[in-house]
Amino acid sequence: VGLTLGELAEKVGGEVVGAADTLVTAVATLQNAGPSAISFCANPSYRNMLSNTRAVAVILRQADLDLCPVAALVTDKPYVAYARIAALLHPEPGFAPGIHPSAVVADTAQVDPSAWVGPHSVVEDNAVVGAGVFVGPNCVVGPSVAIGPHGRLIAQVTLCHATQIGARVLLHPGVVIGSDGFGLANDQGQWLKVPQLGRVIVGDDVEIGANTTVDRGALDDTFIGDGVKLDNLIQVAHNVQIGAHTAIAGCAGIAGSATIGAHCAIGGGVGIVGHIRIADHVQITGMSFVTKSIDEPGVYSSGMPAETNQTWHKNIARFRHLDDMARRLRAVEKKLDHE
Amino acid sequence: VGLTLGELAEKVGGEVVGAADTLVTAVATLQNAGPSAISFCANPSYRNMLSNTRAVAVILRQADLDLCPVAALVTDKPYVAYARIAALLHPEPGFAPGIHPSAVVADTAQVDPSAWVGPHSVVEDNAVVGAGVFVGPNCVVGPSVAIGPHGRLIAQVTLCHATQIGARVLLHPGVVIGSDGFGLANDQGQWLKVPQLGRVIVGDDVEIGANTTVDRGALDDTFIGDGVKLDNLIQVAHNVQIGAHTAIAGCAGIAGSATIGAHCAIGGGVGIVGHIRIADHVQITGMSFVTKSIDEPGVYSSGMPAETNQTWHKNIARFRHLDDMARRLRAVEKKLDHE
Amino acid sequence: VGLTLGELAEKVGGEVVGAADTLVTAVATLQNAGPSAISFCANPSYRNMLSNTRAVAVILRQADLDLCPVAALVTDKPYVAYARIAALLHPEPGFAPGIHPSAVVADTAQVDPSAWVGPHSVVEDNAVVGAGVFVGPNCVVGPSVAIGPHGRLIAQVTLCHATQIGARVLLHPGVVIGSDGFGLANDQGQWLKVPQLGRVIVGDDVEIGANTTVDRGALDDTFIGDGVKLDNLIQVAHNVQIGAHTAIAGCAGIAGSATIGAHCAIGGGVGIVGHIRIADHVQITGMSFVTKSIDEPGVYSSGMPAETNQTWHKNIARFRHLDDMARRLRAVEKKLDHE
């Protein structure tokens, strides 16, 4: 089992330099590659590992070819080629379709004959499990949920009622989609629950990381666009809209009714307040707090970088009086002007 | 099925302007209302949508009545009235009581005959499941847990041993209550686990969002007061006390033994350090870091708003030398004084 | 049931002052101790509670002995002694080994005869469940996972394929280990999934809190060292390495390929960017954002402490022009120098 370097080049593009019949059976890092593994060099900082690699071949850019002691697959996008080759050499394990005897599937649910429903999973009334879908162990597919073709629920995933999932969606353990949004009306000091009546609509080719939560809309729906990638432990509140091909890193929180554009990259731990709009192609660096709409593509930040505790304490003490400092500076300027 | 505008006014209060016999069957947003839906206008920024709405009636304040092209329910608190009407028109689906054959219920557990225990749920020794409680699929109700009347565990909820849940508590998927607190004693560089022997006590009318965790007390108990509302992905550490009718938004973290007052509103991503006290009626805005006790009601903040990356970098570079800037400003002031 | 103060001193060290035959049956706080309970005084701020305690004995330092109205166990490390005594007086409940009839265990899995697999748990192909392991209800032990001796999976834990767990590891509800890392290659604006082929290796004596997630490595493995303690709702990304005896508080996020040293203490809500190294014995205070490698032991910070909203707004407005302020200060200094 494996493919030759030539066959790989045919499938993913790129130019072979060296023996096209080199057999490749696995992918590996430059540092830890064993015999018959192909590695990649996409980041200049790993260049110095090229000379000592024991990989049989390396995927790299033309500029790094000189440093490569073995066969190479030359391409402008080594990381993309690597991703494709890794998927070819290490395909997802297949599965036999069917319903595990311990699964509980409602009579009114439709499970495609090519789908799998794993042990202790529950598929409730009027749910639709599409062609080639894999529902792993201990999942809950709620009433009237629809899962498009070739979706994969790894394990312990919960899809609440009426959640709509597109094609080829990958949901990691602990994901919750369609839970009630945080809708509260304050009635003389007590919180009255506002019924959450919308749904969550998830597009095609979406991936959602472990223990991430996406709330259903209050009235209209929450939308996750095609190709969106969410990392672990992210909170997506009710009526959020996330544009196509946007990626969000772990521990981010998106408050209610925020609209995020397409092709955005949101860093880890970022907070986005509710009811604002973020344009397409916006990048937000880690632990920033987005408090206003962003209309222009670009990079935005507010994460405070750590310093030694001693320096930090001194600066924080000054920060508390920054307004005062600014006034004093103005006073000094005036005094100098009048002299 | 539905109610007339007059019937709704009778049940939730407010004055009907227009045809009291208008039939209302659903709630909807101003923008997306279809025939026979009632909408609401609680926020001045949605006023401009009034004129084009296709709702049959709108819940609104007297001041907005002029702009309303259809029948109206006039009230001082349109959002509260809306929440009540939404619950009337879209009631929670009922359920037939019983225990699903796949559920595992200990002989010593007491499940009220009016309760439901769903598929693949586990109810352990000496647990008590009260009247009208709904335990959804794949839940774990640990030993000696008690769930008060009309509680709802949507799915995949875990209640660890001896957790006490009040009446009408709503727990969303992935909630964990009663897990061990993070209690560690450092013994010559290694962490020794401190047994966590307290419980979690949850009051009445509490709602807890998806994948939120509440740890048991180390010795005494962790308390969640009546009417508290917790959003998704919140961490409540051991021995925290949260006062009645406090609401906390997603991704917040409350460290051990912090005491939060009643009627507080804590924003998303807020961090609260351990062993401090926060007074009643305190509001903390998103992504703030509360490091000291707060004795006075009011609004508190420390979230840093995002700017363009370029501006941010410049300001951060200066912030690193803020203490030095303050000293230099003082020196300048002295020099000017002496001239 | 219970031990005398003398017996406790023999087992955990320390010197008895008062009646060595005092019977102790439980641990409790100074404030809430009932008859026959032992309490402890490790923190000077609790000293004032000594005089009124109803505990039969108190674990404390020599310096606090004068204030103690009852028998005492004198030790330099009262909290460590307390932790040991609490474990002696309140041992974990035992369990009868076996496999619950509702559990689904693959034919090729090996479950040690001294282990327990609870209701609705799933143990997949080639998994190994070691001696004395407790797998609670609704857990998923994926293919080729190995759990070392005396591990405890409380409930709803998911271990994805090939995860390796050391001895005496404690995993709280909702923990997910071995989920796919967030590996994406950008191909003309769309995100291509990079197969995640590494594993997670967890050392001995590790504890991981509720709903915390640890992703598998992209190619090489993610490592959690011996004695590491992770609190709730922490995200550990792919290829992170955490050194032995490091503790991380709730809601922290560690980005991909970050390497954290041994004996570190990382506060709640901290964010650590990817591909950096943190030395041994580093302490990072709550809600800091670590953006660069840290080479020296010490304390590091960047959390911004909350102030009143009014003060905050003023200072933030100035912060936006901090670079400008710095330039103006420099101009003033120059002007003064030239006079």
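Per chain, the residues get numbers from 1 upward, laid out in the order the sequence is written. Written order determines the labels here, with chains lettered from A and ligands numbered from 1. Local features are withheld for residues below a pLDDT of 70 in this predicted model, meaning they are given only at 70 or higher, and side-chain atom pairs are given and counted only at 80 or more; totals for whole chains, interfaces and linings count all residues. Note: side-chain values were computed over all heavy atoms of the structure, leaving out hydrogens and water.

(A) View of empty space enclosed by the protein. In this analysis a 1.4 Å probe is tested at points of a 1 Å grid over the protein atoms alone, and where it fits but cannot get out there is a cavity; an open set with protein on both sides within 12 Å along at least five of seven lines is a pocket; lining residues have an atom within 4 Å of a point. Grid points are joined across faces, edges and corners, and a volume is the space filled by probe spheres set on the points. In this structure the tally under the stated criterion is 3 cavities of 30 Å³ or more. Here the largest cavity defines a volume of roughly 140 Å³. Forming the boundary of the largest cavity are 16 residues, of which Gln156 and Gly174 of chain A, Gln156 and Gly174 of chain B together with Gly174 of chain C lie nearest the centre. Residue classes follow a fixed rule: Ala, Val, Leu, Ile, Met, Phe, Trp, Tyr, Cys and Pro count as nonpolar, while Asp, Glu, Lys and Arg count as charged, and any other residue, Gly among them, counts as polar. Across the lining of the largest cavity, the residue classes tally to 4 nonpolar, 12 polar and no charged.

(B) A look at the sheet that holds strand S12 (residues 122-123) of chain A. Residue and element names in this part refer to chain A. Pairing in this open sheet of 10 strands is parallel, and the strands run S9-S12-S15-S18-S21-S26-S29-S32-S35-S38 from one edge to the other. The sheet is open, and its two edges are formed by strand S9 (104-105) and strand S38 (289-290), each paired on a single side. Pairing analysis gives 2 bridges linking S12 to strand S15 (residues 140-141), with the strands arranged parallel. Its bridge partner being in S15, Val122 is matched across the sheet by Val140. When DSSP locates at least two bridges between a pair of strands, those strands are taken to pair. For helices the rule is a DSSP run of H or I covering at least 4 residues; for strands it is a run of E covering at least 2, with both sets numbered from the N terminus onward.

(C) Representation of the relation of the copies chain C and chain B within the structure. By a simple turn and slide, chain C fits onto chain B: the slide is 0.0 Å along the axis, the RMSD is 0.1 Å, and the turn is 120°. Seen this way, the second copy is the image of the first under a three-fold rotation axis. In this comparison the copies share one frame, found by least squares on the C-alpha atoms of residues holding pLDDT of at least 70 in both.

(D) Quick look at the sheet that holds strand S7 (residues 71-74) of chain A. All names here are of chain A. Within the open sheet, the 5 strands sit side by side as S2-S7-S6-S5-S4. Their pairing is mixed. Two strands lie at the open edges of the sheet, namely strand S2 (15-17) and strand S4 (26-27), each paired on one side alone. Sheet topology places S2 next to S7; 3 bridges connect them, and they run antiparallel. In the sheet register, Val17 faces S7, and the bridge partner there is Ala72. In this fold helix H1 (residues 5-12) packs onto S2, strand S5 (37-41), strand S6 (57-60) and S7, with an angle of close to 5° to the strand it touches most, S7. By the convention used here, residues are in contact when the closest approach between their heavy atoms is within 4.5 Å. All axes are obtained by fitting lines to C-alpha atoms, using only the stretch in contact for helices, and the reported angles, taken between N-to-C directions, cover 0 to 180 degrees.

(E) Region of the structure containing the side chain of Glu307 of chain A. In this structure, Glu307 of chain A sits in strand S40 (residues 307-308). Type-normalised accessible area, obtained with a 1.4 Å probe on protein chains alone, sets the label of each residue: buried when under 20%, exposed when over 50%, and partly exposed for intermediate values. When charges are counted, Lys and Arg contribute as positive and Asp and Glu as negative, whereas His and the chain ends are disregarded. The term salt bridge refers to a pairing of a side-chain nitrogen on Lys or Arg with a carboxyl oxygen on Asp or Glu at a separation within 4 Å. For the buried Glu307 of chain A, which has no salt bridge, the nearest side chain bearing the opposite charge is Arg320 of chain B, at an N-O separation of 4.5 Å. We define a polar contact as two N or O atoms separated by no more than 3.5 Å, with the added condition that, inside protein, one atom must be a possible hydrogen donor and the other a possible acceptor, whereas residues neighbouring each other in sequence contribute only through side-chain atom pairs. In this structure the side chain of Glu307 of chain A is engaged in a polar contact, spanning 3.5 Å, whose partner is the side chain of Asn315 of chain A.

(F) Quick look at the side chain of Thr53 of chain C. Residues and elements named next belong to chain C. Tracing the backbone shows Thr53 in the loop between strand S5 (37-41) and strand S6 (57-60). At 3.2 Å, the side chain of Thr53 forms a polar contact with the backbone nitrogen of Ala55. When near neighbours in sequence (up to four residues on either side) are disregarded, Thr53 contacts Leu30, Ala33, Val58, Pro69 and Val70.

(G) Geometry of helix H4 (residues 322-338) of chain B. One less than the residue count of a helix, multiplied by 1.5 Å, gives the span that helix is expected to have. Helix length check: H4 of chain B, at 17 residues, gives a terminal C-alpha distance of 24 Å against a target of 24 Å (1.5 Å per residue), a fit within 8%. Every buried residue of H4 of chain B is listed here: Leu322, Asp323, Met325, Ala326, Leu329, Val332, Glu333 and Leu336 of chain B.

(H) Spotlight on the pairing of strand S6 (residues 57-60) of chain B. Residue and element names in this part refer to chain B. The alternating pattern of S6 places Ala57 and Ile59 and Val58 and Leu60 on opposite faces, both of which are buried. Both strand S5 (residues 37-41) and S6 contribute to a ladder of 4 bridges, which runs parallel. Opposite Ser39, over in S6, you have Val58 as the bridge partner. Relative to strand S7 (residues 71-74), S6 is paired through 4 bridges, and the arrangement is parallel. Counted as the bridge partner of Val58 is Ala72 from S7.

(I) Expanded view of the interface of chain C and chain B. If you look at the interface, chain C gives 69 residues, while chain B gives 76 residues. A quick way to say it: buried area is the sum, across both parts, of accessible area lost when two parts are put together, with a 1.4 Å probe. Taking both sides of the interface into account, the surface hidden between chain C and chain B amounts to around 5,700 Å²; carbon and sulfur atoms contribute 65%. Among the residues chain C hides against chain B, the three largest losses belong to Met287, Phe319 and Leu336 of chain C. Together they make up 10% of the total. Inspection of the chain C/chain B interface yields 5 salt bridges. Put simply, Arg84 of chain C and Asp187 of chain B hold a salt bridge, and the shortest N to O gap is 2.7 Å.

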